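What follows is the residue order along each chain.
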Amino acid sequence: MTELITGIGELTTHDDSGERRHDAALVIGDGHILWIGPAAQAPAADRQTDVGGRAVLPGWVDTHTHLVFGGDRSAEFEARMAGQAYAAGGINTTVAATRAASEGELVATARGLRREAEAQGTTFLETKTGYGLDVASEARSARAAAQVADVVTFLGAHIVPPDMDRRDYLDLVTGPMLSAVLPYVQFIDAFCEQGAFDVEETREVLLVGRAAGLGLRVHGNQLGFSGGVRLAAELGAHSVDHCNYLEPADIDALAASTTVATLLPACDLSTRQPFPPARRLLDAGVSIALATNCNPGTSYTTSMPFCVATAVLQMGLTVGEAVWAATRGAARSLGRDQGADAVGSLFVGGRADLQVLNAPSISHLAYRPGVPLTASVWRRGVRVD
Ligand code: NIG
């Protein structure tokens, strides 16, 4: 079954030209894009969908979420909005609720959030463990995550649980816990921050993960100058996420590396942290990604359109830069921006992961912030909206 999509007001493909096309049509079939070209030359297909002058673009690639959790932290959120500072210790509240939940409950919560994300245009999604923090609960979280997400990251090194000795916990994370989650995960991550793990502890966790065949991600410089960003760049991590506090040397280190800086604007709003210096990162030549960081503590949203709008309105990105960061830049941070498995861009032979906006142009994502603009979504060529 092939489908010809016509009536496209503006097509953003994120091919290497970076252009937005105004005369294009595309054909999808078997989950892939079979043809892109001028509408006047479109081949026949089994079915035709006219999108009525709307904008078409790749589906969002959300590379930083923590969807496997139990409980709710709205009281902590309210206290924060009343002036209390965010601290990593709040994670313990979610750890207790996650350990108390069944695997079925964890999968159901994560699935519900994934569906919510899909309805807003997300077609590829990473999620993490990190609210189990003992071997059985992390393994259960990883299994649940693998049922829901496209890519799973092991975040045993989220914090040291209060009942454990630091050294014993690091031995657990880098030993039996890693072995237990390994069948389900593709990346390893660590929260490099005061109150969580220091640079040398983070290095130890990441190197053991790399030796086990995992890609590297880091939570770095979220609450202060933690050293996580420079470590990520030094180790050639796929991504360093948060990046709120950056010294010039951090930006230089990123610019000299292949590490993507993943920025999380919804989290910055919800924790009242300063936004990362996105403009300086781009001007230095650093690749950036945007993600929701959906989690019950610091960023309880699945909305990539909200993140794109905030990045434009508050962080100084152009609309084109923000959309690239939420699609192809995000794919780069997962090592999925090129080749047959690529996501976040539309090209012949690539995955038919795309969305139609209820708007003539991607500019409306920031021009009309907060308005639900997702008209329809195809994931692997199948409508999911
Ligand atoms: O990315 N920073 C560390 N982890 C999560 C928040 C965890 C929580 O407070 O539950 C984040 O913001």
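Residues numbered from 1 in each chain as written. Predicted model: local features only at pLDDT ≥ 70, side-chain atom pairs only at ≥ 80, totals over all residues.

As recorded in an unreviewed UniProt entry, the protein goes by the name Imidazolonepropionase, listed as coming from Cryobacterium flavum. Comment text from UniProt for the protein, heading Subcellular location (unreviewed entry), reads "Cytoplasm". Under the UniProt heading Function (unreviewed entry), the note attached to the protein is "Catalyzes the hydrolytic cleavage of the carbon-nitrogen bond in imidazolone-5-propanoate to yield N-formimidoyl-L-glutamate. It is the third step in the universal histidine degradation pathway." (UniProt positions renumbered as here; feature names shortened; annotations may be inferred.)

1. Overview of the domain arrangement of the protein
When the domains of the protein are assigned, the result is domain 1 (2-58 + 344-383) and domain 2 (60-333). Secondary-structure elements contributing two or more residues to the side of domain 1 that touches domain 2 are strand 7 (55-58), helix 14 (364-367) and strand 17 (374-379). Looking at the side of domain 1 that touches domain 2 element by element, the count peaks at three residues for strand 17. (Domains from an automatic or database assignment. Helix = DSSP H or I, 4+ residues; strand = E, 2+ residues; numbered from the N terminus.)

2. Some words on the sheet that holds strand 6 (residues 47-50)
Judged by pairing direction, the sheet is mixed, and its four strands sit side by side in the order 5-4-1-6 without closing on themselves. Of all strands in the sheet, those with a lone pairing partner are strand 5 (32-38) and strand 6, marking the two edges. Pairwise comparison of adjacent strand axes, ignoring direction, gives a mean angle of 20° for this sheet. (Pairing = 2+ DSSP bridges. Axes fitted to C-alpha atoms, helices over the stretch in contact; angles between N-to-C directions.)

3. Overview of the site of the ligand
Contacts to the ligand come from His66, Gly90, Ile91, Thr94, Phe191, His219, Gln222, Cys267, Asn293, Asn295, Gly297 and Thr298. Residues that form the shell around the ligand fall into these classes: three nonpolar, nine polar and no charged. (Near = placed C-beta within 6 Å. Nonpolar A, V, L, I, M, F, W, Y, C, P; charged D, E, K, R; others polar.)

4. Let's talk about unusual backbone geometry
We note that Asp30 has phi near 55°; this positive angle belongs to a residue other than glycine. Within the element layout of this structure, Asp30 appears in the loop between strand 4 (24-29) and strand 5. Using a count of 10 C-beta atoms within 10 Å as the deciding quantity, one classes Asp30 as exposed. Unlike most non-glycine residues, Arg272 shows phi in positive territory, near 55°. Mapped onto the elements of the fold, Arg272 is located in the loop between helix 9 (265-271) and helix 10 (278-283). (Buried ≥ 20, exposed ≤ 12 C-beta atoms within 10 Å, placed from the backbone.)

5. So, the packing of helix 7 (residues 228-235) against helix 8 (residues 248-255)
Running from N to C, helix 7 and helix 8 point in directions that differ by 20°, and their axes come no closer than 9 Å. Our classification of the angle between helix 7 and helix 8 gives roughly parallel. Crossing geometry of helix 7 relative to helix 8 is assigned as left-handed. Packed against helix 7, whose contacting residues are Val229, Arg230 and Ala233, the element helix 8 presents Asp250, Ala253 and Leu254 at the interface. Considered class by class, the residues forming the contact of helix 7 with helix 8 number four nonpolar, no polar and two charged. (Parallel < 35°, antiparallel > 145°, perpendicular 65-115°, else oblique. Left-handed = near helix turned anticlockwise from the far one by under 90°. Contact = placed C-beta atoms within 7 Å.)

6. What about the confidence of the model for the protein?
Summarising the model, the protein shows a mean pLDDT of 97, and 100% of its residues fall at 70 or more. Among the scores for the predicted complex, ipTM is 0.97 and pTM is 0.97. (pLDDT = per-residue confidence, 0-100.)

7. Things to note about the UniProt feature "binding site: Zn(2+)" (unreviewed entry) in the protein
Per the UniProt record, "binding site: Zn(2+)" (unreviewed entry) is annotated on His64, His66, His219 and Asn293. Spatially, the listed residues are clustered: although they cover 230 residues, their C-alpha atoms lie within 12.3 Å of one another. In this structure, His66 sits in the loop between strand 8 (60-62) and helix 1 (74-81). With residues up to four places along the chain from it excluded, the contact list for His66 reads Thr127, Lys128, Gly130, Tyr131, Cys294 and Asn295. Looking at where Asn293 falls in the secondary structure, it is placed in the loop between strand 15 (288-290) and helix 11 (304-315). The exposure class of Asn293 is buried, given the 30 C-beta atoms found within 10 Å. Here Asn293 is in contact with His64, Thr65, Leu264, Ala266, Cys267, Thr298 and Ser299, once residues within four sequence places are set aside.

8. Some remarks on the nonpolar core
If you look at the biggest cluster of nonpolar residues, it comprises 119 residues, and the most contacted ones within it are Leu290, Val308, Ala311 and Ala326. Counting only domains with at least three residues in this core, you end up with domain 1 (2-58 + 344-383) and domain 2 (60-333). Contact partners of Ala326, with chain neighbours within four places excluded, come to Trp60, Leu290, Met304, Cys307 and Val308. (Core = buried A, V, L, I, M, F, W, Y, C linked by C-beta atoms within 7 Å.)

9. Observations regarding the sheet that holds strand 17
The six strands are arranged 3-2-7-16-17-18 in an open sheet whose pairing can be described as mixed. At either end of the open sheet lies a strand with only one pairing partner, and these are strand 3 (20-21) and strand 18 (382-383). As paired elements, strand 16 (residues 354-357) and strand 17 share four bridges and run antiparallel to each other. Bridged to Leu354 within strand 17 is Trp378.

10. A look at the UniProt feature "binding site: N-formimidoyl-L-glutamate" (unreviewed entry) in the protein
On the UniProt side, "binding site: N-formimidoyl-L-glutamate" (unreviewed entry) is annotated at positions that read Tyr131, Asn295 and Gly297 here. Separation in sequence by 167 residues is not matched in space for these annotated residues, since their most distant C-alpha atoms are only 11.1 Å apart. Topologically, Asn295 is positioned in the loop between strand 15 and helix 11. The contact partners of Asn295, leaving out residues within four places of it in the chain, are His66, Phe69 and Tyr300. Within the secondary structure layout, Gly297 lies in the loop between strand 15 and helix 11. For Gly297, the residues in contact, after removing those within four places along its chain, are Arg73, Glu76, Gly90, Ile91 and Thr94.

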